[in-house]
Each structure stands twice: as C-alpha cells, then as structure tokens.
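# An overview of the molecular structure
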Amino acid sequence: MENLDPQALKSLAFSRSIIYDFLASSYIYPYRLNDFEKLIKSRISRVRDVAEALARLYSSMNNLIKLLDIAKDINDYNALTPIQVDFTRIDYGAIPYEGYTHTGYLDMNTEISLKRIYADYNLIVNKEFRDLRSDHIAVEFAFMSFLAYEEYDDWSNATRYIEEEDYFINNHLINWVSIFVSTSLKLVRTDYLKLLLNFTKDFMTQDREVIKIMRDVYGGK
C-alpha cells in the first residue's frame, strides 16, 4: 500500500466513506418498507461495486456481498418483519450506544464528548437520524463516513482527516462496537442481522489497520 499514488489513495478514502455510510444507514430502524428502500436498497448497487473493488484488501467484503444479496430480495413485510423483530431485540437487549456499553446506562459524559468532536467540524445530528443520541452506532459510523469523504474531497488536508479517523476508531468505535456485536449476535435470528453484525465487527478490525497504514503513507509525503 505504501506505493499507492494519490489517486488510488483518494479512491480508497471515497470507497471507505461509502461503506461507513451504508453501515450508518443499516443501524437505523426501518419502520416501513419505504424506510428499507431509502436506507438500504437505494444504496445496494453502489455499495456492491465498492465491496467488489475492496474484496482483495478487506476479506470482510464477502459477508457484505452476501448481506446485499439478501437485502435486494426484501420486498414485502413478510421478509421485513423478522428483521424488524431482530432490531427490537438489539435495541432492548444490546443497546446500540457507546455510553451504555461502557457504563450500563445512557451516559451523558460520552454523549457530550462526542458532540464536542462533531462540533469541531461544524456537525450536528440532523433529522435523518431521528433525534438519536450522538453516541448511537449509526451516528458514529456517519461521522467516520464524513471523515473519509473529507479525506477524499479536501486532499490538501487529508492528513488531518486520517488522523481524526485513527483517533476515533481507536478511542471510540473499537472500544465498544465489538462488545455490542457479541451481545447482539446472541439475540438475533435472521441471517440478515447476523451478516450485518459480523461484517461490522470484521470491517472495523480490518479498517483500523488500513487507517494506520494510510496515516503512515500520508505522513511520508
């Protein structure tokens, strides 16, 4: 990876942004078929292209492609309802919030610290996230998507964004998402949620290493 040219690095950052955006959308509860269409199915084509392109770098993409294959066939409530039930099991049994995972309750200190990080980039949790707290898994993944996109788009400041990604994945996501996934996997029944959770855990582990390498590459420029 050390020999990647700037265009390849930008392409990788953009692709990672798409994956994190999909993860963010995947953890927002789909109340209706229209929600599932907007959050998941509208992204399938683009995410599949990226997953296939990244498969050699991330072995976790195999599970993502399987997940997308299931998602494209979810066209009625007979297919969606078991997924909704699994989401409910997660929401009540695993609690997808960083603060809760650390403390056993919805910790204000964790939320405040994250709001400060987001504010450094003039970000707030908007209506697309249904008033979720700043430490909800979907919001944290959306922030990583934002950072990866800015790394791609604001190339002259790419080092700033990759350093923030490195900080955020090591000081926030890695510290709780694996625990959340392990707890959730004991609760869910559908292949859809099992694939999503396993992909989440494996991608986080692999992307942590990719970020470390990319940071070294940028630092060597």
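To keep things clear, this report deals only with the structure shown in the data block. Residue numbers restart at each chain and count upward from 1, following the sequence in its written direction. Given that the model is predicted, a residue must reach a pLDDT of at least 70 before its local features are reported, and side-chain atom pairs must reach 80 or more before they are shown or counted; all residues, however, enter totals for whole chains, interfaces and linings. The basis for the side-chain values is all heavy atoms of the structure; hydrogens and waters are excluded.

Moving on to helix α7 (residues 108-119). Secondary structure is summarised from DSSP: a helix means a run of H or I of at least four residues, a strand means a run of E of at least two, and numbering begins at the N terminus for each. An expected span of 1.5 Å times one less than the residue number is assigned to each helix. If you check α7, its first and last C-alpha atoms are 16 Å apart, about what twelve residues at 1.5 Å a residue would give, namely 16 Å. Three or more residues of α7 are buried, namely Thr110, Glu111, Leu114, Ile117 and Tyr118. For α7, the angular spread of buried residues about the axis comes to 120°, placing them on one side. Along α7, the residues that are exposed and aim more than 90 degrees away from the buried face are Asn109 and Arg116. Pairs of N or O atoms are called polar contacts if they sit within 3.5 Å, as long as, within protein, a hydrogen donor faces a hydrogen acceptor (for residues adjacent in sequence, only side-chain-to-side-chain pairs). Capping of α7 at its N-terminal end is provided by Asp107; its side-chain oxygen lies 3.3 Å from the backbone amide nitrogen of Asn109. Throughout this description, buried means an accessible area under 20% of the type-specific maximum (1.4 Å probe, protein chains only), exposed means over 50%, and partly exposed covers the range between. This arc corresponds to the set of directions leading from the helix axis out to the C-beta atoms.

Each pair of aromatic rings is reported with the distance of its centres and the angle of its planes. Any two of the Phe, Tyr and Trp rings considered here, Trp counted by its six-membered ring, make a pair once their centres fall within 6.5 Å; the pair's planes then place it as stacked at under 30 degrees, edge-to-face at over 60, or tilted in between. Scanning the model with the defined rule gives 20 aromatic pairs in all. When the ring of Phe14 is compared with that of Tyr152, the centres are 4.9 Å apart and the planes differ by 50°; the resulting orientation is tilted. Linking Phe14 in helix α1 (residues 6-26) with Tyr152 in helix α8 (residues 137-153), this pair joins segments that are 138 residues apart in sequence. Classification of Phe14 by relative accessible area gives partly exposed; the value is 31%. With relative accessibility at 25%, the residue Tyr152 sits in the partly exposed group. Both rings, one in Tyr121 and one in Phe146, keep their centres 5.8 Å apart while their planes meet at 75°; by these two values the pair is edge-to-face. Note that Tyr121 is positioned in the loop between α7 and α8 and Phe146 in helix α8, a separation of 25 residues in sequence.

Counted as salt bridges are all cases of a side-chain nitrogen of Lys or Arg within 4 Å of a carboxyl oxygen of Asp or Glu. Here the structure, examined in full by the defined rule, presents 13 salt bridges. Salt-bridge contacts for Lys72 lead to Asp73; the nearest nitrogen and oxygen are separated by 3.4 Å. By relative accessible area, which is 39% here, Lys72 ends up partly exposed. A salt bridge links Glu111 to Arg133; the nearest nitrogen and oxygen atoms lie 3.2 Å apart. Highlighted residues: Glu111 in helix α7 and Arg133 in the loop between α7 and α8, separated in sequence by 22 residues. Comparing Glu111 with Arg133, the two get one shared label, buried. Taken together, the salt bridges that share partners define one network made up of Arg16, Glu151, Glu165 and Asp207.

Okay, helix α4 (residues 61-71) next. Residues three or four positions apart in an α-helix share a direction because the helix packs 3.6 residues into each turn. Regarding α4, the residues found buried are Met61, Asn63, Leu64, Ile65, Leu67, Leu68 and Ala71. By the convention used here, residues are in contact when the closest approach between their heavy atoms is within 4.5 Å. Those residues of α4 that are buried lie in contact with α1, α2 (33-39), α3 (44-54) and α10 (191-219).

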